[in-house]
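Commentary on secondary and tertiary structure
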Amino acid sequence: MFTACADPSALTGLSWLACYLTTGKHMAFYGSFGTVLLLLAITAPVALGMGFLGAMGARARIAPLRWLGQGYIAVVRGVPDIAFFLFFVIALDQGFEWLRHQVKCPDWPDAIRQGNDFVVCPAAKLPLSSSPQIWHEIYGFSLAVLTFAIVFGAFAANVLYGAMKAVPHAQLETAEAYGMSHRQTFWRILIPQMWVYALPGLSNLWMVLIKATPLLFLLGVEDIVYWARELGGSKTARFTDYPHGDWRVWYFAALLVFYLCFTRVSEIVLARLMRRLTHGQATLGGETQRKAA
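Keep in mind the model is a prediction, meaning the values are calculated, not measured. (Residues numbered from 1 in each chain as written. Predicted model: local features only at pLDDT ≥ 70, side-chain atom pairs only at ≥ 80, totals over all residues. Heavy atoms only, no water.)

Quick word on the overall build of the chain
The number of helices and strands found in the chain is 10 helices and 2 strands. Ordered by position in the sequence, the α and β elements of the chain form the string α-α-α-α-β-β-α-α-α-α-α-α. Taken over C-alpha atoms, the radius of gyration comes to 25 Å for the chain, far larger than the 19 Å a tight globule of 293 residues would show. Sorting the 293 residues of the chain into buried and exposed places 36% on the buried side. Of the contacts made within the chain by residues no fewer than 6 positions apart, 67% connect residues no fewer than 24 positions apart. Accessible surface, the chain: about 17400 Å² in total, of which carbon and sulfur atoms supply 65%. One way to put it: in the chain the 23 positive side-chain charges average out to a point 13 Å from where the 17 negative ones average out. (Helix = DSSP H or I, 4+ residues; strand = E, 2+ residues; numbered from the N terminus. Rg over C-alpha atoms; globule rule 2.2 N^0.38 Å. Buried < 20%, exposed > 50% of the residue type's maximum accessible area, 1.4 Å probe, protein only. Contact = heavy atoms within 4.5 Å. Areas by Shrake-Rupley, 256 points an atom, 1.4 Å probe, with all protein chains shown as cover. Lys, Arg positive; Asp, Glu negative; His and termini not counted. Charge placed at Lys NZ, Arg CZ, Asp CG, Glu CD.)

Examining the pattern of salt bridges
For the structure shown, the criterion picks out 4 salt bridges. Put simply, D246 and R248 hold a salt bridge, and the shortest N to O gap is 2.7 Å. For D246, a relative accessible area of 40% gives the class partly exposed. A salt bridge links E267 to R264; the nearest nitrogen and oxygen atoms lie 3.1 Å apart. Placement of both E267 and R264 in helix α9 (residues 248-278) is noted, with a separation of 3 residues, approximately one turn of the helix. Exposure remark for E267: the relative accessible area of 39% places this residue in the partly exposed category. (Salt bridge = Lys/Arg side-chain N within 4 Å of Asp/Glu carboxyl O.)

Overview of the packing of helix α2 (residues 24-58) against helix α3 (residues 63-78)
At a minimum axis separation of 6 Å, α2 and α3 run at an interaxial angle of 130 degrees. When the interaxial angle is binned, α2 and α3 end up oblique. Like other packed secondary-structure pairs, α2 and α3 cross with a definite hand, here left-handed. Where α2 approaches α3, its residues M50, G54, G57 and A58 are matched on the opposing element by L65, R66, G69, Q70, Y72 and I73. Classifying every residue of the contact of α2 with α3 gives 5 nonpolar, 4 polar and 1 charged. (Axes fitted to C-alpha atoms, helices over the stretch in contact; angles between N-to-C directions. Parallel < 35°, antiparallel > 145°, perpendicular 65-115°, else oblique. Left-handed = near helix turned anticlockwise from the far one by under 90°. Nonpolar A, V, L, I, M, F, W, Y, C, P; charged D, E, K, R; others polar.)

Written as structure tokens, this is what we have:
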């Protein structure tokens, strides 16, 4: 990356290490931390939104909506995450291409399923083979976000559904006694009080989501696990300008520090949020704050 690094074989000591840690692949490794953070920043609110819709569906008065919400929660929670990630992304990708194939190539003479191969017309491929590499990466990342959101949305739906049921029924009866409609009671009474009961479960779910980000590696996204394995493996002078032994333990130790620090920061933020939500609430935390004041 730097002029002094033009001849790695002439470097020693800290100069060698400084040049080694600033290679193009290492820059991609550092950028992959941003990929993980971006995944969390997008997936968390999307999964929470899907969970909210699932919880609303699970407690809906209309039977088909209730069955749909409860089925979504039960099915996704009942499938192992690893199996869901390995299967669902392929099925989702092929589903998108099949829909595009039906629209763009209605006169296609060949079968789409040809043994183990899934063959659609070139115009239906996602993304197109002629598209720049950045679009291939964005498409793969988008599939990963959608898969994470569906999986963790089901768990969030179960947490929110339980939190809605935990709100004292007397609060809802009082609202109805004051003449509030079912919709007003839901949005003005149930939802504001629900979060204090939901936050402990959502906090645990956030921690699980952080720990699940290495699954990006299984989805073909070049995340921090991919680069830690790629850079840490043994390199000989025949294949690289910076030969070294098996350094994977050091790269994965760096990932360990990153995840521990990130979870600690999350714990601090969630604890402050919990104190704010419990303020003035008829809960153990709210009562503790009232006595302390």
